[in-house]
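In case you want the letters, here they are:
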Amino acid sequence: MNKSKDRAWYALFTVPLFFVFTTVVIVPFLIGIYYSFVKWDGIPANPKVFVGLDNYVQLFQDGRFLSSAWHTVEFTVLALVVVNVAGLVLSLCVTAGLRVSTAARTMFFMPNLIGGLILGYIWQYIFTDVFESIGRQTGFDSVFRNWLLDPQLALLATVIVFAWQMAGYTMIIYIAGIQGIPEELLEAAKVDGANGRQRLTKIVFPLLMPSFTICLFLTLSGAFKIFDVNLSLTKGGPVNATEMFAMNIYNEIFSYGHYGFGQAKAIIFFLIVAALTLTQVILTKRREVQM
Amino acid sequence: MRKTGRRLSEVLLFCVALAFLSPIYIMLVNSFKNRAELYKNALALPSSFSFQYYAEAMEKMNFLRAFGNSLYITIVSEIFIIVLSSMTAWMLVRKDHRLSRFLFMTLVATMLIPFQTLMMPLMQVMDWIRTNLHIPMLNTRGGLIYMNVGFHASMAVFLYHGFIKSVPVALEEAATLDGCSKFGVFWRIVFPMLKTITITVAILDVISMWNDYLLPSLTLSDKSLRTIPLSTFYFFGEFTIQWNLAMAGLTLTIIPIVVFYAFSQKYIIRGIAAGAVK
């Protein structure tokens, strides 16, 4: 009696959530695997033709897809470095005990709350008209020109916008890490005659390893999956030079109506994201210093 | 000597912070300028402050409507997420058997799936429900709320799960002996103790749902249902050449975020730090 009552409570508490979760995540994921083996244009009346692994074979011959994969790798590597260096430097600045620290922290974090779409639009204006205007006035028009027309610069522009958004975020995590370092440890090192640089590299950085894990993981997956900024800043242009993985999948499915083929790309995308995240978590967990 | 150095670095840090926010400055000043002024100097202050472009942007974006939609969708989704995931997480922690562990592992594992992998089949599932069960899942705010709950469930349960593990059971047992039902125990005793993590979950979800573009763009097609990111997208597509108007529109979209940030800054920063560390 009591046992069945317990079960009823268990069901009452968990079933609603798992019902929604199953219909929104699990079922789409599973039928998504099925869709990746068919050829279909998305129109319900048209047949879904089973083509086996054809979509996956075709995917490795799709030049635009491969180059979007390459842009994503380039972008992710640059973003990882810029975001984490910036976040770390900012966190060291605002934990130095200066009086303006709180205000500065507030300001550095601000862009993170604004959505990627809106950030991209603000910067689109800056990289086009504002840069041209500065170039006209100062004469430095070799630097200050329309960045979004140049394939390399447009990619760099995307990195800058992404870094502007994420630096404050990683800063918050590094601050939490820095504040977790016991004061006595740094005092002891100071007494032992370690200079500022030594204290930073020998004590602060090793003890920040858990924060590095988190930040690298967050920037890696964030950068790899970038979509909103990509859409609003460059729309993938000029001539697809900044079209990233996520946008390529979106275009393949919804712009060209290649539902099956696009879904195969989406499955590959999932496998890469999952592999990257798992490897990264395992690797950095191993290197953390035990306190 | 040391003191002036300190003062100097304070000023320097503040200047860096100001420079960091220069894009916001550029957006603001140019939202007041006319065409000629825009061309002349994009960095200068405007010669006059007229709110003409704001009025126009507000009307063209149907801003109040979009704001209402965003607010409604975010708040209702958030209430469902908090209620359902805290209840689920509590059961999963307290009844620590094989089924619970399996359910929890499934939730955590799905956090690896990027949205792009789910978006197309999800639309097919929702379309199927609409045509066969006649429940309007697409192009309704309710449908979007349902999907929001599904997508944010795993992260929320994960955060609650970690937190509840450190909550002592003694109080709950005492209440059960006093004849309190599970429902009563949870809502009267446990939930009030989850305040900190509830704030974290709420902040993380609110930020991501408020700014979400892709899912609403796939589900909502009616003009009257557009959220702020959606109406910004359509507005910007139409008025890119008129930068003053575009900047006024973008400023409008940022105002609610700045207000929210000003009032709950402490919680936001704490919530972000707590959410990320998990």
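Everything numeric here is computed off the predicted structure, so don't read it as measured data.

(A) Structural detail: the overall build of chain B. Of the regular secondary structure elements, chain B holds 14 helices and zero strands. Along chain B, from the amino end to the carboxyl end, the secondary structure elements read α-α-α-α-α-α-α-α-α-α-α-α-α-α. Relative to its length of 278 residues, chain B is extended, with a C-alpha radius of gyration of 24 Å against a globular reference of 19 Å. Its C-alpha atoms give chain B principal-axis dimensions of about 75 × 70 × 35 Å. Expressed as a percentage of its 278 residues, the buried residues of chain B come to 41%. Contacts in chain B between residues at least 24 apart in sequence constitute 73% of all its contacts with a sequence separation of at least 6.

(B) How the structure looks around the overall build of chain A. Along chain A, the regular secondary structure elements total twelve helices and two strands. Seen in sequence order, chain A has helices and strands lined up from the N terminus as α-β-β-α-α-α-α-α-α-α-α-α-α-α. Its C-alpha radius of gyration of 24 Å places chain A more than 25% over the 19 Å reference for a compact globule of 291 residues. Here the C-alpha coordinates of chain A stretch approximately 80 × 75 × 30 Å along the principal axes. Long-range contacts, defined as pairs at least 24 residues apart, comprise 72% of the intrachain contacts of chain A with a sequence gap of at least 6.

(C) Broad picture of the packing of helix α5 (residues 63-94) of chain B against helix α11 (residues 195-211) of chain B. Residues and elements named next belong to chain B. Direction vectors running N to C along α5 and α11 enclose 145 degrees, while the axes themselves pass 10 Å from each other. In this structure, α5 meets α11 at a crossing whose hand is right-handed. Across the interface between the two elements, S70, T74, S77, E78, I81, I82 and S86 from α5 touch T198, V201, A202, D205, V206, M209 and W210 from α11. The residue makeup of the contact of α5 with α11, split by class, is seven nonpolar, five polar and two charged.

(D) Structural view of the nonpolar core. The biggest cluster of nonpolar side chains holds 156 residues, and the ones touching the most others in it are A:I172 and B:Y160. The biggest single contributor to this core is helix α6 (residues 151-179) of chain A, with 17 residues. Leaving out residues up to four positions away in the same chain, B:Y160 has contacts with B:S85, B:S86, B:A89, B:L194, B:I197 and B:V201.

(E) Geometry of the confidence of the model for chain B. The predicted model of chain B has a mean per-residue pLDDT of 90, with 98% of residues at 70 or higher. Prediction confidence for the complex, expressed as pTM and ipTM, is 0.91 and 0.90 respectively.

(F) Highlighting helix α1 (residues 2-35) of chain A. Remark: the principal bend of α1(A), roughly 45 degrees, maps to A:T22. When α1(A) is considered as a whole, its buried residues turn out to be A:F13, A:T14, A:L17, A:V20, A:F21, A:V24, A:V25, A:P28, A:G32 and A:Y35.

(G) Summary view of helix α7 (residues 115-133) of chain B. Residues and elements named next belong to chain B. With 19 residues, α7 ought to run about 27 Å at 1.5 Å a step, and its terminal C-alpha atoms sit 25 Å apart, in line with that. Considering bend angle alone, the principal kink of α7 is centred on P121 and spans about 30 degrees. Those residues of α7 that fall on the buried side of the exposure criterion are Q116, T117, L118, M119, M120, P121, L122, M123 and M126. Positioned one or two residues after α7, H134 has a phi angle of 55 degrees, which is positive.

(H) Spatial organisation of the packing of helix α5 (residues 116-138) of chain A against helix α13 (residues 228-239) of chain B. Two elements in contact, α5(A) and α13(B), have axes separated by 10 Å at closest approach and are oriented at 30 degrees. Put simply, α5(A) runs roughly parallel to α13(B). Considering how the two elements wind past one another, α5(A) and α13(B) form a crossing that is left-handed. Note on element contacts: α13(B) touches α5(A) through B:P229, B:T232, B:F233 and B:F236, opposite A:L117, A:I118 and A:Y121.

(I) Examining the interface of chain A and chain B more closely. Facing 67 residues of chain A, the contacting portion of chain B comprises 61 residues. Elements represented by at least two residues in the side of chain A that touches chain B include exactly α1, α4 (101-109), α5, α6, α9 (209-224), α11 (245-255) and α12 (259-287) of chain A. Top contributing element to the side of chain A that touches chain B by residue count: α1(A), with 18 residues. Here the residues of the side of chain A that touches chain B sort into 52 nonpolar, eleven polar and four charged.

(J) Up close: unusual backbone geometry. Residue and element names in this part refer to chain B. Unusually for a residue other than glycine, N62 sits at a positive phi of about 55 degrees. Locating N62 in the fold gives a position in the loop between α4 (52-61) and α5. A positive phi angle, near 55 degrees, is found at H134, a position not held by glycine. Residue placement: H134 occurs in the loop between α7 and α8 (141-164).

(K) Representation of the environment of B:M58 within the structure. Residue and element names in this part refer to chain B. As for its placement among the helices and strands, M58 is situated in helix α4. The class for M58 is partly exposed, based on 16 C-beta atoms found within 10 Å. Dropping the residues within four chain positions of it, M58 is found in contact with F63 and L252.

(L) Seen up close, the environment of A:F29. With respect to the helices, strands and loops of the structure, A:F29 is situated in helix α1. On a C-alpha basis, the gap between A:F29 and A:I267 in space is 9.1 Å, while along the polypeptide they are 238 residues apart. Sequence-distant contacts of A:F29, defined by excluding residues within four places in its chain, comprise B:I113, B:T117 and B:L118.

Calculation rules
- Residues numbered from 1 in each chain as written.
- Chains lettered and ligands numbered in written order.
- Predicted model: local features only at pLDDT ≥ 70, side-chain atom pairs only at ≥ 80, totals over all residues.
- Helix = DSSP H or I, 4+ residues; strand = E, 2+ residues; numbered from the N terminus.
- Rg over C-alpha atoms; globule rule 2.2 N^0.38 Å.
- Buried ≥ 20, exposed ≤ 12 C-beta atoms within 10 Å, placed from the backbone.
- Contact = placed C-beta atoms within 7 Å.
- Axes fitted to C-alpha atoms, helices over the stretch in contact; angles between N-to-C directions.
- Left-handed = near helix turned anticlockwise from the far one by under 90°.
- Nonpolar A, V, L, I, M, F, W, Y, C, P; charged D, E, K, R; others polar.
- Core = buried A, V, L, I, M, F, W, Y, C linked by C-beta atoms within 7 Å.
- pLDDT = per-residue confidence, 0-100.
- Bend = angle between axes of the 7 residues up to and from the residue.
- Expected span 1.5 Å × (residues − 1).
- Parallel < 35°, antiparallel > 145°, perpendicular 65-115°, else oblique.

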